[in-house]
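# Close look at the chain arrangement
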Protein chains: 4
Amino acid sequence: MDFRTDLAIERRDVFRKINNIKDEIPGIKSEEKEISSSIHVYKVQVLNSEGEKAIEKPIGNYVTIDVKKMKNITEEEKEKIAYSISSELKDLIKNLVSPKDEILIVGLGNLYSTPDSLGPKVIQNVDVTRHIFKYLPQYVNENDREISAISPGVLGTTGIETQEILKGIVDNIKPKLIIVIDSLASKSIERISSSVQISDTGIIPGAGIGNKRREISKDTLGVPVIAIGIPTVVDVATITNDCLELFIEKLQDEAKSNNYLNQLKEENNYQDIKDALVPKDFNLIVTPKEIDELIINMTDVISMGINKSI
Amino acid sequence: MDFRTDLAIERRDVFRKINNIKDEIPGIKSEEKEISSSIHVYKVQVLNSEGEKAIEKPIGNYVTIDVKKMKNITEEEKEKIAYSISSELKDLIKNLVSPKDEILIVGLGNLYSTPDSLGPKVIQNVDVTRHIFKYLPQYVNENDREISAISPGVLGTTGIETQEILKGIVDNIKPKLIIVIDSLASKSIERISSSVQISDTGIIPGAGIGNKRREISKDTLGVPVIAIGIPTVVDVATITNDCLELFIEKLQDEAKSNNYLNQLKEENNYQDIKDALVPKDFNLIVTPKEIDELIINMTDVISMGINKSI
Amino acid sequence: MDFRTDLAIERRDVFRKINNIKDEIPGIKSEEKEISSSIHVYKVQVLNSEGEKAIEKPIGNYVTIDVKKMKNITEEEKEKIAYSISSELKDLIKNLVSPKDEILIVGLGNLYSTPDSLGPKVIQNVDVTRHIFKYLPQYVNENDREISAISPGVLGTTGIETQEILKGIVDNIKPKLIIVIDSLASKSIERISSSVQISDTGIIPGAGIGNKRREISKDTLGVPVIAIGIPTVVDVATITNDCLELFIEKLQDEAKSNNYLNQLKEENNYQDIKDALVPKDFNLIVTPKEIDELIINMTDVISMGINKSI
Amino acid sequence: MDFRTDLAIERRDVFRKINNIKDEIPGIKSEEKEISSSIHVYKVQVLNSEGEKAIEKPIGNYVTIDVKKMKNITEEEKEKIAYSISSELKDLIKNLVSPKDEILIVGLGNLYSTPDSLGPKVIQNVDVTRHIFKYLPQYVNENDREISAISPGVLGTTGIETQEILKGIVDNIKPKLIIVIDSLASKSIERISSSVQISDTGIIPGAGIGNKRREISKDTLGVPVIAIGIPTVVDVATITNDCLELFIEKLQDEAKSNNYLNQLKEENNYQDIKDALVPKDFNLIVTPKEIDELIINMTDVISMGINKSI
């Protein structure tokens, strides 16, 4: 199945729709809380291999923080979102390592491609301390832990799978936990740059855009991996599918619809739409035109969130 | 009418579809030529006020050069496209001014917003000579003319309409011709970063995305204005409208369509789709995820094209 | 005389040394105050044509704010420096225009050359309001005034003297005051990125590095011009001259000097040193290797200082 | 001894001057050839531990290519310099590995600090092939070898010594040769951005500016390391020392010198000058004000040189 999204919460929704499941999917547990009028937190837990098989995400915890509008955001709103991120992130970290355990932060993505530059930009703003422990121990604060950070580049530029680069570094410097930051693909336009997913199961870079790279996880690196991702792109077939639904809904409201359309709306037409677009080279992956500003704001929010948690 | 495109060729097509016109629109003359398998040139001439009223573009010439794939383009292909641009541009320049007349090149747009940064980036690569005429006349070549260039910024950063900035500069340095470069909106995804429109009628910046700024034209500045534009963005309602057509076409091919859908396909559903998307904040304006690379290639092609023509 | 500095305070010192003047230069009035251990303010007033002739700076006020270390500066220290800048800037503005008079902020320099990029970068961070007055007057606050901002580029890129560009804009949009931001040359290494000069007499861009552009002042633009400048470069002959002095001083301290050297120290050897270096292409203009970080910090401090004052 | 330069040729010259050696230093062999009026090649070979002790550089080959003016350079001149680099580089590569052996290219330095950004920028322009061998073997050309590339960042940003990062990667992907690119410090202003040193002995990053990082060499990584370096910075004491010499020379020419000065000129006053400058915080490390343009040109030249050699 082609979920076309990296978000567990969206995969759950797609699976429920396609399989016409009204309640919880077996093997999945979800909860939801409202932090404020503009911040909602959704937690999806994949409990077992049944849940894993359903939404094609490994067993573990997936927290999605939905925020309204990253554009024209104030410093105060940034602080609030960073606080929510930090609160969820701390919980996951606490479950995996001790307070003094070393953490390696990894910024995935391509600095030279704006929608994919979030990871490398966050790395620039993370407070690293490992070299202070080594060379200036007198400046280490009591509650500090060793933090290091790296932005390994992308396969097209390095010729090396990110997982291979990280494997080498992890074996050599031996952190106890890895936190990975990446740009994701989402299924819905409204989540672009408005959602943060934090999970404790690692990441398969590029999965949401059908360009899978090697998994970065405890299985492959030997240490637990927390992944922080923000959707920045969506493909055109997904947009059309979403919008077609809204369009038919409007026709229904105006009593202009018909049985055929009503049925169309109940189906997931993604694959059919994609099949129609691909021959015309229409199935681009797109990003909002304000992506530069959005990336700047997301970089601030994620960096703050991480720096408050480590 | 909301054409949602800055391209005359697309406005002609929309007008013909909506009004069910099979032949030429009265007041409009079009021609088409194939330069190579990957370069097509379309010329649309608005002849009189009837044509002007139909496609809402002033009387004058609109040349659209369609190219295939700006991504992964070779240096040789760039040269060919630049040659085509230069060939059309020279024709328009020759009709308006003498070979030694001074030209001012203007790069519109926002350097800090990737999809809108084409204009300022082209300015960095244009061969200016006006200061050599003034301060180092011994280095002027026989066939040179005075070229100056400016990138005035955008209203949100300067607080000044671009037209006001240019009016002042034009009155003071008195060029005989202005060439404006801008990023445009297109109606179709396939033209994003694959089309160059050159016109001799000036430009209304932001017209294609419904954010009109003051007209930059002979009427407002007192000297003729050639506009070079490349579509870099498209709105989601336009995408959905386009894709809906392709989707119904596929259903028709598979004999799955019905009368209602067939009729839907013949109509322009843009406005209805937009009305469905706006309440959900879904009607974003988007750009391909490869926009950074596309802008680099377009900057090269347009700069070369201009430098060959002036 | 080749002062090789844009700072009035340094020109005063050079003139006093060369002419062996112990007290105040006729036509010049100076005062000094300590704001804190790390912020000193020097005021040089050129009173008449005698003072003007001495230091080759027009009649008017020159405030120099010396700060310690822009590198590794904290947000709190930035705030303090911005406050000092704002305090001096407000005084100069108040003397020239009324609280509601329109101001145009101009960022001189070249965005693509790091040591010369301060002006364009400050422009990105200035709070412009003129377009809000025009298009969204309901959002204007009671104490706001119309602020516009422009970064006109440099002669080598535009082919147009900055003064010509500004003349046109000023004639068209008619601000009551212009505030110009520019990178300067200094005579001493210790002032590089550690001094802010604010003057009410306009500016001759490039004067300090022997590459004079046309004056930007009330005389040429018709409205008063406040100039804010920070030294970012120094030439090698100036460095050598300064260091030679320190070196001889050290020899004197160690009783290793001689009459010849003592005399050398009392002279200004700048021209002789320059004459020795030029034939070898040694007389480069240089900037500290940390210039990128320094420019970021200076941009913050100057933008904050301006935004607090207007 | 504080050589204050990463260039073997300069260390040889300093050692000869200080020790008043007219001929070759024991344990060192040098030769020189003129490629063109603007390109000179100097080869310094450290033959044994005596040579090693003299200039504090490990046994091996050091080729310095001196070029005139990287500023305002033409494409044709760039090609010529790249050809010279490639010619020397190929010789060193051939001595160390077979034609099909895998190479890892490493760009040292800080992308966000212009004078230190050469390494990361070259990496963006190197033709990597390793991923094509792995995933698209049908596109591999007969003479290709596996090339990978990485830009590991700097200690202040990552908290990890570059050597530690590389050790991990090398152990994991097992290249047969490493080519490192770094910005260097030079002793003379005229070599800033006008010299390329290629050596087969690895590198100690930061050695020339007194900020030594861990050695990157066969000893530490287990595979041979070729280092390509270009001087981009120089410290002020070095400048003053150099200029003092030129200044005394001029005084001698004008018969204004004296015994004391003549003797001063014969000595290396670097340490004394440094001792005079340090207490005043005057001993900055500086770079030419045109560094942005120089880095662009050097990036082109080095990338071309490498791409022609691998």
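Residues numbered from 1 in each chain as written. Chains lettered and ligands numbered in written order. Predicted model: local features only at pLDDT ≥ 70, side-chain atom pairs only at ≥ 80, totals over all residues. Heavy atoms only, no water.

## Observations concerning the relation of the copies chain D and chain A
Here is the rule we go by: Residues below a pLDDT of 70 in either copy are left out; the C-alpha atoms of the rest, at least 70 in both, set the least-squares superposition of the copies. Here, residues are in contact when the closest pair of their heavy atoms is within 4.5 Å.
After a rotation of 180 degrees and a shift along the axis of 0.0 Å, chain D superposes on chain A with an RMSD of 0.0 Å. Expressed as an axis order, the relation between the two copies is that of a two-fold axis. Looking at the rotation axis and the C-alpha trace of chain D, the residue lying nearest is D:Gly168, at 1.9 Å. Taken together, the interface assignments show that 100% of the residues at the interface of chain D recur at the interface of chain A, consistent with an identical surface on both copies.

## A look at the domain arrangement of chain A
All names here are of chain A. So the rule is basically this: Domain start and stop points were drawn from an automatic or database domain assignment. As a working definition, buried area equals the accessible area (1.4 Å probe) given up by two parts on being put together, with both sides summed. The term salt bridge refers to a pairing of a side-chain nitrogen on Lys or Arg with a carboxyl oxygen on Asp or Glu at a separation within 4 Å.
With domains assigned, chain A is organised as domain 1 (8-233 + 289-309) and domain 2 (238-280). Distance between the C-alpha centres of domain 1 and domain 2: 32 Å. Between domain 1 and domain 2, the contact holds seven residues from the first and eight residues from the second. Taken together, both faces of the contact between domain 1 and domain 2 bury some 510 Å²; the carbon and sulfur share is 50%. Contact with domain 2 buries area across many residues of domain 1, yet Lys 17, Lys 187 and Ile 189 alone supply 79% of it, more than any other trio. Between the two partners, domain 1 and domain 2, sit two salt bridges.

## What to know about the interface of chain C and chain D
Taken together, the contact pairs 42 residues of chain C with 41 residues of chain D. Buried area between chain C and chain D, summed over both chains or domains, comes out near 3,700 Å², and the portion from carbon and sulfur atoms is 72%. For the chain C face of the interface with chain D, the top three residues by lost area are C:Phe247, C:Phe282 and C:Lys289, together amounting to 19%. For the interface between chain C and chain D, the tally reads two salt bridges. With its nearest N and O atoms 3.5 Å apart, the salt bridge here joins D:Lys250 to C:Asp272.

## Here's the deal with the interface of chain D and chain A
Counted only if it meets this: The way it works is that DSSP assigns letters per residue, a run of H or I at least four long becomes a helix, a run of E at least two long becomes a strand, and they are numbered from the N terminus.
Across the boundary between the two partners, chain D contributes 30 residues, which contact 30 residues of chain A. Summed over both partners, the interface of chain D with chain A comes to about 2,500 Å²; 55% of that surface belongs to carbon and sulfur atoms. Our count for the chain D to chain A interface comes out at two salt bridges. Among the salt bridges present, the one from A:Glu164 reaches D:Arg130, with a minimum N-O distance of 2.8 Å. Within the residue set of the side of chain D that touches chain A, elements represented by two or more residues are α4 (118-125), α5 (130-135), β5 (147-150), α6 (155-158) and α7 (162-173) of chain D.

## A word on the side chain of B:Gln197
Residues and elements named next belong to chain B. As a reminder, the rule being used: Here's how the labels work: a residue is buried when its accessible area is under 20% of the maximum for its type, exposed when over 50%, partly exposed in between, all with a 1.4 Å probe on protein chains only. Here a polar contact means two N or O atoms within 3.5 Å. Within protein one must be a hydrogen donor candidate and the other an acceptor candidate, and residues neighboring in sequence count only if both atoms are side-chain atoms.
Take Gln 197: it is sitting in strand β7 (residues 195-199). Judged by its relative accessible area of 6%, Gln 197 is buried. A polar contact of 2.8 Å, which involves the side chain of Gln 197, links it to the backbone nitrogen of Ala 8. Contacts of Gln 197, omitting those with residues within four sequence positions, involve Asp 6, Leu 7, Ala 8, Lys 57, Tyr 62, Val 63, Thr 64, Leu 184, Ala 227, Ile 228 and Gly 229.

## Overview of unusual backbone geometry
Phi is positive for A:Glu56, which is not a glycine, with a value near 50 degrees. Residue placement: A:Glu56 occurs in the loop between α2 (49-55) and β3 (60-67).

## Thoughts on the relation of the copies chain C and chain D
Superposition of the two copies of the chain requires a rotation about an axis together with a shift along that axis. When chain C is fitted to chain D, the residual RMSD is 0.0 Å, and the transformation amounts to a turn of 180 degrees plus an axial shift of 0.0 Å. Most of the interface of chain C is mirrored in chain D: 98% of its interface residues are interface residues there too.

## Let's talk about the pairing of strand β9 (residues 285-288) of chain B
For the record, the criterion: A strand pair is defined by DSSP finding two or more bridges across the two strands.
With burial as the criterion, each face of β9(B) is covered, one bearing B:Ile285 and B:Thr287 and the other bearing B:Val286 and B:Pro288. Two strands pair when backbone bridges link them, and strand β9 (residues 285-288) of chain A and β9(B) are joined in this way by three bridges, in the antiparallel orientation. Residue A:Thr287 lies in a different strand from β9(B), and its bridge partner there is B:Thr287. Two strands pair when backbone bridges link them, and strand β8 (residues 225-235) of chain B and β9(B) are joined in this way by two bridges, in the antiparallel orientation. Bridging from a neighbouring strand, B:Asp235 pairs with B:Ile285 of β9(B).

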